[in-house]
Amino acid sequence: MEYWWCKGDIYGNYRGLENFGPSWPPLAYYDEESKKYPEGPFEPGKTKLVWEKKSKFPIPDFLRPANSVLTCRPEKFSLFQGLIEGCYKAFPLFVEGEEYVSFRPNKFLDLLDHENSEYHVLKSGTYSNFRKIVIVHPPANEEHFFGLEGQLGIRMKTIVSGKFKEIYDVNSLTGLVFSKANRP
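Residues numbered from 1 in each chain as written. Predicted model: local features only at pLDDT ≥ 70, side-chain atom pairs only at ≥ 80, totals over all residues. Heavy atoms only, no water.

(A) Focus on the packing of aromatic side chains. Tallying each qualifying case throughout the model produces 12 aromatic pairs. On the basis of an interplanar angle of 45° and a centroid distance of 5.9 Å, the ring pair of Phe62 and Tyr168 is categorised as tilted. Here Tyr168 lies in helix α4 (residues 162–170) and Phe62 lies in strand β2 (residues 62–66), a separation of 106 residues in the sequence. The burial state of Phe62 is the same as that of Tyr168; both residues are buried. (Phe/Tyr/Trp six-rings, centres within 6.5 Å; stacked < 30°, edge-to-face > 60°. Helix = DSSP H or I, 4+ residues; strand = E, 2+ residues; numbered from the N terminus. Buried < 20%, exposed > 50% of the residue type's maximum accessible area, 1.4 Å probe, protein only.)

(B) Summary view of the pattern of salt bridges. Here the structure, examined in full by the defined rule, presents 7 salt bridges. The partner of Lys180 in a salt bridge is Glu2, and the shortest N-O contact between them spans 2.6 Å. Of this pair, Lys180 sits in strand β11 (residues 176–180) while Glu2 sits in the segment before β1 (3–8), placing them 178 residues apart in sequence. Overall, the relative accessible area of 36% leaves Glu2 in the partly exposed class. Salt-bridge contacts for Glu143 lead to Lys107; the nearest nitrogen and oxygen are separated by 3.3 Å. Note that Glu143 is positioned in the loop between β8 (127–132) and β9 (145–148) and Lys107 in the loop between β5 (98–105) and β6 (108–109), a separation of 36 residues in sequence. (Salt bridge = Lys/Arg side-chain N within 4 Å of Asp/Glu carboxyl O.)

(C) Quick look at the pairing of strand β7 (residues 118–121). As paired elements, β7 and β8 share 3 bridges and run antiparallel to each other. By the bridge assignment, Glu118 is partnered in β8 with Lys132. (Pairing = 2+ DSSP bridges.)

(D) Spatial organisation of α4. All buried positions along α4 are accounted for by Phe164, Lys165 and Tyr168. Burial along α4 is one-sided: seen end-on, the buried residues are contained in an arc of 95°. Ser172 sits one or two residues past α4 and shows a positive phi near 50°. (Arc of directions from axis to C-beta.)

Spelled out as structure tokens, the structure:
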């Protein structure tokens, strides 16, 4: 099975959020039981996420991912939901009053091929500026949506199966870019 590194289209093809930076929710810390985010710069109902006003680009189906988090409208999320059942954690999000679903992997696999992947290691030891991600081998089980195990720079990467990408392509969705993650 083919696997793909899934990332946001950051090449200026789609409209982004004006207040994307500091107001983006700390999705990794969303409390499912209380349905609340921790105290911080993002407060649901108070922080107003808005589309860039000056941009003439179209609004994508998927917002630019924050770390390993993908965000899309509920009807788009439902296309993938059955395939990735049990492999994600989902969160509500609103942009200009419209509901979106943010979701990230809740399964992390130690599959990064350090020898064939391309990235930079900072003096602190943090991995950054990934240009290419290669996995050492396909997962033991047929996984369709997972993160990579490792320190934060690695954990922020999302890998999807060929079936996930096929759903994206067949439905002509926008906002994501895929790079092949299998060994050559």
